[in-house]
Amino acid sequence: MERTEFITVDTHTGGEPTRIVLDGIEADTLAGETVRERRDRFEATADGVRKLLMQEPRGHADMFGAVPVPTDRADLGVFFMDTDGYLDMCGHGLIGVVTALIERGELPEAPELTVETPAGLVDVTVKIADGVVRRVAFENVDSYVCETVTVEQDGVPVEARIVYSGNYFAVVDADSLGVVLNSEDATQCIDPALELRRAVNDATPEDPVTGTRATVSAVELTASDDSDRSCVVFADGSVDRSPCGTGTCARLTLHHVDGDLAVGERVEVTGPVGSTFEGYITDTSVNSGVTVTSPVVSGTAHITGEHTFYQNDDDTLGSFTLS
Ligand code: PYC
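Residues numbered from 1 in each chain as written. Predicted model: local features only at pLDDT ≥ 70, side-chain atom pairs only at ≥ 80, totals over all residues. Heavy atoms only, no water.

Applying the stated rule across the entire model yields 16 salt bridges. Put simply, D47 and K51 hold a salt bridge, and the shortest N to O gap is 3.9 Å. With D47 and K51 both in helix α1 (residues 35-54), this residue pair falls four residues apart, about one helical turn. On the basis of relative accessibility, which here comes to 33%, the residue K51 falls in the partly exposed class. Here R73 makes a salt bridge to D72, at a shortest N to O gap of 3.9 Å. Overall, R73 belongs to the partly exposed group, its relative accessible area being 38%. For D72, a relative accessible area of 73% puts it in the exposed group. (Salt bridge = Lys/Arg side-chain N within 4 Å of Asp/Glu carboxyl O. Helix = DSSP H or I, 4+ residues; strand = E, 2+ residues; numbered from the N terminus. Buried < 20%, exposed > 50% of the residue type's maximum accessible area, 1.4 Å probe, protein only.)

Set out below in structure tokens:
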């Protein structure tokens with residue numbers, strides 16, 4: 001029997017897991033100049049490793065992962081994956097990776113770091129006390145509103161605002177999907193959100209800055225009261241337990257563009273399990289006639305454990321999702 005081992009350290013950020021792969025991935029499957037190229041190579045040559053570590057029986061339907069990779073453009077390179085594929089940027093994952101690597105001594109205890117992600121460079125500020133990372137803030141890549149798409153759901157028109165914040169989000173009022181966000185049951189968000197994402201992507205929204213198609217990967221349901229509650233559904237129906245880092249950035253950008261949030265004004269956003277992120281817009285500019293923001297989001301992560309996962313060649317079950 002042949003065995004391959006994968007070493008991970010796992011964190012949660014406001015309840016949302018990040019499984020960080022420290023060892024076991026073959027170096028040539030991560031080859032590339034940029035983190036995006038390394039991620040694309042991994043996807044093309046070693047996507048089975050993602051499935052093995054994210055899906056059942058080693059993972060679960062809401063598992064999330066990150067792969068730190070070498071870079072000479074920043075202090076750290078990292079890409080992100082889930083049960084269904086890859087995201088270009090992830091706020092909760094970034095907070096988890098920075099926390100775990102500093103607490104394990106694999107990143108310097110520096111108050112400021114830069115991280116290269118497939119979406120671009122992200123500036124990170126870290127608060128550390130007694131070797132424990134207390135809070136991580138990241139200034140995301142540029143964020144902007146792409147367009148508003150109206151789709152029909154159950155015979156009713158639903159307005160979705162498409163926002164880029166490292167990933168493309170469809171931001172929608174939960175009421176318009178018949179979902180009450182302060183309920184105990186976040187799973188009620190999944191089916192309406194996935195249906196909305198399908199409909200929005202069928203409408204082929206455009207990114208006004210890049211001039212390319214804006215393919216929505218996540219749906220952010222927001223409360224119509226003033227509570228700043230949100231619930232983000234992504235991948236094949238995963239619910240982010242945290243308030244979602246890039247989702248919070250999308251929300252801040254919308255608030256700013258709508259005239260409801262001044263530069264520097266701080267907002268606390270609450271996710272489905274009651275955990276919070278804080279965020280603000282630090283700067284704005286104009287690109288292609290569009291207001292572009294620089295959102296900053298902060299939160300706290302904790303290490304939950306370390307794993308040595310086995311892939312035994314006599315284990316024929318493989319990895320799977322139950323759908
Ligand atoms: O925190 O940005 C985030 C995120 C995206 C998907 C899940 N979490």
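Alright, that's what it looks like, and here's the rest.
What follows is about unusual backbone geometry. Here the bond from E56 into P57 is cis, since omega is 5°, no more than 30 degrees from zero. For P57, the position within the fold is in the loop between α1 and β3 (64-69). One non-glycine residue, C244, lies in positive phi territory at about 70°. Here C244 lies in the loop between β14 (238-239) and α4 (245-257). You can call C244 buried: its relative accessible area is 8%.

This part is about the confidence of the model for the protein chain. Per-residue confidence for the protein chain gives a mean pLDDT of 96; residues scoring 70 or more make up 99%. Across the interfaces of the predicted complex, the ipTM metric reaches 0.99, alongside a pTM of 0.97. (pLDDT = per-residue confidence, 0-100.)

How big an interface is tends to be expressed through the accessible area that disappears when the partners come together. According to the domain assignment, the protein chain contains domain 1 (3-138 + 302-312) and domain 2 (143-288). Spacing between the C-alpha centres of domain 1 and domain 2 amounts to 24 Å. Contacts between the two partners involve 20 residues from domain 1, matched on the other side by 20 residues from domain 2. Contact between domain 1 and domain 2 buries roughly 1,400 Å² in total, counting both sides, with carbon and sulfur atoms accounting for 55%. Viewed at the interface, domain 2 and domain 1 are joined by one salt bridge. Across the salt bridge formed by D62 and R241, the nearest N and O atoms sit 3.0 Å from each other. Along the contact surface separating domain 1 from domain 2 lie seven residue pairs in polar contact (both at pLDDT 80 or more). (Domains from an automatic or database assignment. Contact = heavy atoms within 4.5 Å. Buried area = accessible area lost by both parts, 1.4 Å probe. Polar contact = N/O pair within 3.5 Å; in protein donor to acceptor, adjacent residues only side chain to side chain.)

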